[in-house]
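What follows is each chain in one-letter form.
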Amino acid sequence: MNVKIILAIAIFSAASYSVDAQTTNTGRPAATNRQRIKQGVNNGELNRAEAARLKAQNANLAKERKAARADRTVTTEERKDIRQDQKTLSKKIYRQKHDRQKRR
């Protein structure tokens, strides 16, 4: 009896974790980028021009994601393109935050 209960709990936990992992990823990269940009401005690692440029690129990436989801199907090519753009933007944020330029 105890084995059945433990097995049922394990299956339920795995199923709920799987569903949670699928639903929480929506929009997360854009929010993470906004947070990283904001943190860079607050610390003085990004100046206004750098922050404005990165915010605009983040907004363009969000528009690209929205356009890809417009037909309710994101193709593998669209997904690949979005991921590549996300990686590129993430690297740009890192480089701008660590380029030793300080906000005036």
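Everything that follows concerns the structure shown earlier in this document.
What you are looking at is a predicted structure, and each value in this text was computed from that prediction instead of being measured. (Residues numbered from 1 in each chain as written. Predicted model: local features only at pLDDT ≥ 70, side-chain atom pairs only at ≥ 80, totals over all residues. Heavy atoms only, no water.)

**Student:** Would you take a moment to explain helix 2 (residues 28–43) for this structure?
**Tutor:** Note: α-helices contain 3.6 residues per turn, so residues at a spacing of three or four share the same orientation. The terminal C-alpha atoms of helix 2, which comprises 16 residues, lie 22 Å apart, in line with the 22 Å expected from a rise of 1.5 Å per residue. Within helix 2, burial applies to Ala30, Asn33, Ile37 and Gly40. Along the axis of helix 2, the buried residues cluster in a sector spanning 90 degrees; they form a single face. Residues Arg28, Gln35, Lys38 and Asn42 are exposed on helix 2 and point more than 90 degrees away from its buried face. Looking at the buried residues of helix 2, the elements they touch are helix 3 (48–69) and helix 4 (76–97). Looking one or two places after helix 2, you find glycine 44, whose phi comes out positive at around 85 degrees. (Helix = DSSP H or I, 4+ residues; strand = E, 2+ residues; numbered from the N terminus. Expected span 1.5 Å × (residues − 1). Buried < 20%, exposed > 50% of the residue type's maximum accessible area, 1.4 Å probe, protein only. Arc of directions from axis to C-beta. Contact = heavy atoms within 4.5 Å.)

**Student:** Quick question: what am I supposed to make of the packing of helix 2 against helix 3 here?
**Tutor:** Axes are the key here: two packed helices are described by the angle between their axes and the distance separating the axes. Their axes nearest at 10 Å, the elements helix 2 and helix 3 cross at an angle of 175 degrees. One finds that helix 2 runs roughly antiparallel with respect to helix 3. Where helix 2 abuts helix 3, its residues Pro29, Ala30, Asn33, Arg34, Ile37 and Val41 lie against Ala51, Leu54, Lys55, Asn58 and Arg65. Across the contact of helix 2 with helix 3, the residue classes break down as six nonpolar, two polar and three charged. (Axes fitted to C-alpha atoms, helices over the stretch in contact; angles between N-to-C directions. Parallel < 35°, antiparallel > 145°, perpendicular 65-115°, else oblique. Nonpolar A, V, L, I, M, F, W, Y, C, P; charged D, E, K, R; others polar.)

**Student:** It is not clear to me how the nonpolar core should be interpreted in this structure. Could you clarify?
**Tutor:** Most often, soluble globular proteins have nonpolar side chains that are buried together. Of all hydrophobic cores here, the largest spans nine residues; its members are Ile37, Leu46, Ala51, Leu54, Leu61, Ala68, Ile82, Leu89 and Ile93. Those elements that provide at least two residues to this core are helix 3 and helix 4. A per-element tally of this core places helix 3 first, with four residues. Those residues in contact with alanine 68, other than ones at most four positions away along the chain, are Thr73, Val74, Glu78 and Ile82. (Core = buried A, V, L, I, M, F, W, Y, C linked by side-chain atoms within 4.5 Å.)

So yeah, pure geometry; function would need other evidence.
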